[in-house]
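# Notes for the structure review
As a plain string of letters, each chain reads:
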Amino acid sequence: MTAPPNRRRDAAKTRALLLDAARARFARDGYRTTTLRDIAEDAGVNVALIARYFVSKEGLFEACLTAAVDELRRETGDVPLREVHLVIADQAARIGPEGAPGQLALLLRSSGDERADEIRRGVLRTSAERLAAAAGREPGDEEVLLRAQMVLAASLGIVLLRSVGAMEPLQSADRDALAGPLRDLIAAMLPMGPGH
């Protein structure tokens, strides 16, 4: 009677290993150059298990993006607009010499594959819509959505520039140094919605 739960635990562990290996590979090497064999080898499992759990490379990539977004949502929760700058500052401050954390790297890096890029764009679009909703966007209010997209673009730009070590003092700024200017940027770009 205990064999099925053990198999389920092993399946969950294998799936998690594949997701971790795939996220690292996709973030580092990109979608196009990453092979299923590379991912399976990094995870220490048989390549056939990718098809079993994710159907295809595209399915695995989509699962990685979904997991990345879920992880970001767990970190941010339903943050009120007045605290968004702190979340962005926290995420940007975690970027070290090794680059952006896996979930952010996946969102920043173009894959070279149209379907994979469509998935990535959808995730970014949803993130901007959530930010616009936090700002009290009414249906059809394209200006607030545009402003939310601009805040998202600026935030991802900060992450990108920090991950490549392009400029000082941006590269070495800590969370507290980033939080104030980010607060000012968001306050200038987005109206405070109801209840904020």
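In case you missed it, the structure is sitting above this.
As the structure is a prediction and not an experimental result, all values here were calculated from the model.

Rules used throughout
- Residues numbered from 1 in each chain as written.
- Predicted model: local features only at pLDDT ≥ 70, side-chain atom pairs only at ≥ 80, totals over all residues.
- Heavy atoms only, no water.
- Helix = DSSP H or I, 4+ residues; strand = E, 2+ residues; numbered from the N terminus.
- Expected span 1.5 Å × (residues − 1).
- Buried < 20%, exposed > 50% of the residue type's maximum accessible area, 1.4 Å probe, protein only.
- Phe/Tyr/Trp six-rings, centres within 6.5 Å; stacked < 30°, edge-to-face > 60°.
- Lys NZ or Arg CZ within 6 Å of the ring centre and 35° of its normal.
- Axes fitted to C-alpha atoms, helices over the stretch in contact; angles between N-to-C directions.
- Parallel < 35°, antiparallel > 145°, perpendicular 65-115°, else oblique.
- Left-handed = near helix turned anticlockwise from the far one by under 90°.
- Contact = heavy atoms within 4.5 Å.
- Core = buried A, V, L, I, M, F, W, Y, C linked by side-chain atoms within 4.5 Å.

The end-to-end C-alpha distance of helix H7 (residues 114–134), which contains 21 residues, comes to 30 Å, matching closely the 30 Å that a straight helix rising 1.5 Å per residue would cover. Of the positions making up H7, those classed as buried are Ala116, Asp117, Ile119, Arg120, Gly122, Val123, Leu124, Ala128, Leu131, Ala132 and Ala134. Positive phi shows up at Gly136, right after H7, with a value of about 85 degrees.

Moving on, we get to the packing of aromatic side chains. Enumeration according to the criterion identifies three aromatic pairs in this entry. A ring pair is formed by Phe26 and Tyr31, whose centres lie 5.6 Å apart and whose planes are at 25 degrees; its orientation type is stacked. For the pair Phe26 and Tyr31, a shared accessibility class is recorded, and that class is buried. Ring plane angle 85 degrees and centroid distance 5.1 Å describe the contact between Phe26 and Phe61, whose orientation is recorded as edge-to-face. Linking Phe26 in helix H1 (residues 3–29) with Phe61 in helix H4 (residues 57–76), this pair joins segments that are 35 residues apart in sequence. Of the two residues, Phe26 and Phe61, both sit in the buried class. These aromatic residues form a ring-pair network of at least three members: Phe26, Tyr31 and Phe61. In this arrangement the basic side chain of Lys57 is found over the ring face of Tyr31, its NZ or CZ atom lying 4.6 Å from the centre.

To continue, consider the packing of helix H5 (residues 84–93) against helix H8 (residues 142–163). Following both chains from N to C, one finds H5 and H8 inclined at 15 degrees, their axes separated by 9 Å at the closest point. Comparing their axes, H8 and H5 come out roughly parallel. For the element pair H5 and H8, the recorded crossing hand is right-handed. Together, Ile88, Ala92 and Ala93 of H5 and Ser155, Ile158, Val159 and Arg162 of H8 make up the contact between the two elements.

Counting residues in each nonpolar core, the largest one holds 29 residues, and the members touching the most others are Leu81, Val84, Leu131, Ile186 and Leu190. Contributing elements (two or more residues each) for this core: H5, H7, H8 and helix H9 (175–189). In terms of residue count, H8 provides more of this core than any other element does, eight residues in total. With residues up to four places along the chain from it excluded, the contact list for Leu131 reads Leu81, Val84, Ala148, Val151, Leu152 and Leu190. In terms of nonpolar packing, the next biggest core, distinct from the first, is built from 23 residues, Ala22, Leu60, Phe61 and Leu106 among them.

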